[in-house]
Amino acid sequence: RWEFDVHSVVNIARRLKPNMAAKELQALRRYLTAAFEKTSFVAMTDHQARLKNVPPLRLPTAGAAPSLATQTLEGKWANQGGKYQLSMSGGGQQELTATVEGDRLTINAAEGMNLVFNRED
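As a convention, each chain's residues are numbered from 1 in the sequence order in which they are written. Thresholds applied to this predicted model are a pLDDT of at least 70 for local features of residues and 80 or more for the giving and counting of side-chain atom pairs; totals over whole chains, interfaces and linings are not thresholded and use all residues. To obtain the side-chain values, all non-hydrogen atoms of the structure were included, while hydrogens and water were left out.

K.L.:
Can you help me understand the overall build of the protein in this one?
P.N.:
Of the regular secondary structure elements, the protein holds 2 helices and 8 strands. The secondary structure elements of the protein, listed N-terminal to C-terminal, are β-α-α-β-β-β-β-β-β-β. Each residue is assigned to one of three classes by its accessible area relative to the maximum for its type, calculated with a 1.4 Å probe on protein chains only: buried under 20%, partly exposed between the two thresholds, exposed over 50%. Burial analysis of the protein (121 residues in total) assigns 34% to the buried set. Accessible surface is estimated by sampling points in the Shrake-Rupley manner with a 1.4 Å probe; for residues, cover comes only from the protein chains shown. As displayed, the protein has an accessible area near 7300 Å², and 50% of this comes from carbon and sulfur atoms. Secondary structure elements are taken from DSSP: a helix is a run of H or I of four residues or more, a strand is a run of E of two residues or more, and numbering for both begins at the N terminus.

Below is the structure:
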């Protein structure tokens, strides 16, 4: 089981946009905390996968209020030479890639949005 890591996602955003205003960074942190606080990822030994309590995996359009409605995506995972392919469904089929480095799982979602999870003990 993996738990969402707000701090890591904010750090990625800061690296991608180093001149991000403090106000914008605070707004991003508040959104991520509210939207993803209960998000978790479970990969099972039978290659089943579940992404629980996740909001829509796309960035909100400019000026639109981001959705905090969550869903559970279910599907399968496959190892492809050290990277993982996630084939998830729930509100439409989504093909995602993921990498694991130590206790950190990074899922590359739509539009360059990365979800970072830490392994739960």
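Further notes follow.
K.L.:
Would you mind showing me how to read the sheet that holds strand S2 (residues 40-43) here?
P.N.:
What holds strands together in a sheet is hydrogen bonding between their backbones, with the strands either parallel or antiparallel. Strand pairing is assigned whenever DSSP detects at least two bridges linking the two strands. Read around the closed barrel, 8 strands run S1-S2-S3-S4-S5-S6-S7-S8, paired in antiparallel fashion. Within the sheet, the average angular offset between the axes of one strand and its neighbour, ignoring direction, is 30 degrees. Against the sheet, helix H1 (residues 6-16) engages strand S1 (2-4), strand S7 (104-108) and strand S8 (114-119), with an angle of about 145 degrees to S8. Here, axes are lines fitted to C-alpha atoms. For helices the fit covers the stretch in contact, and angles between N-to-C directions go from 0 to 180 degrees. Note on contacts: a residue pair qualifies if any of its non-hydrogen atoms lie within 4.5 Å across the two residues.

K.L.:
Can you walk me through the side chain of Thr 106 in this structure?
P.N.:
Inspection of the secondary structure assignment puts Thr 106 in strand S7. Since its relative accessible area comes to 16%, Thr 106 is described here as buried. Ignoring sequence-local partners within four residues, the contact set of Thr 106 consists of Thr 97, Ala 98, Thr 99, Asn 114, Leu 115 and Val 116.

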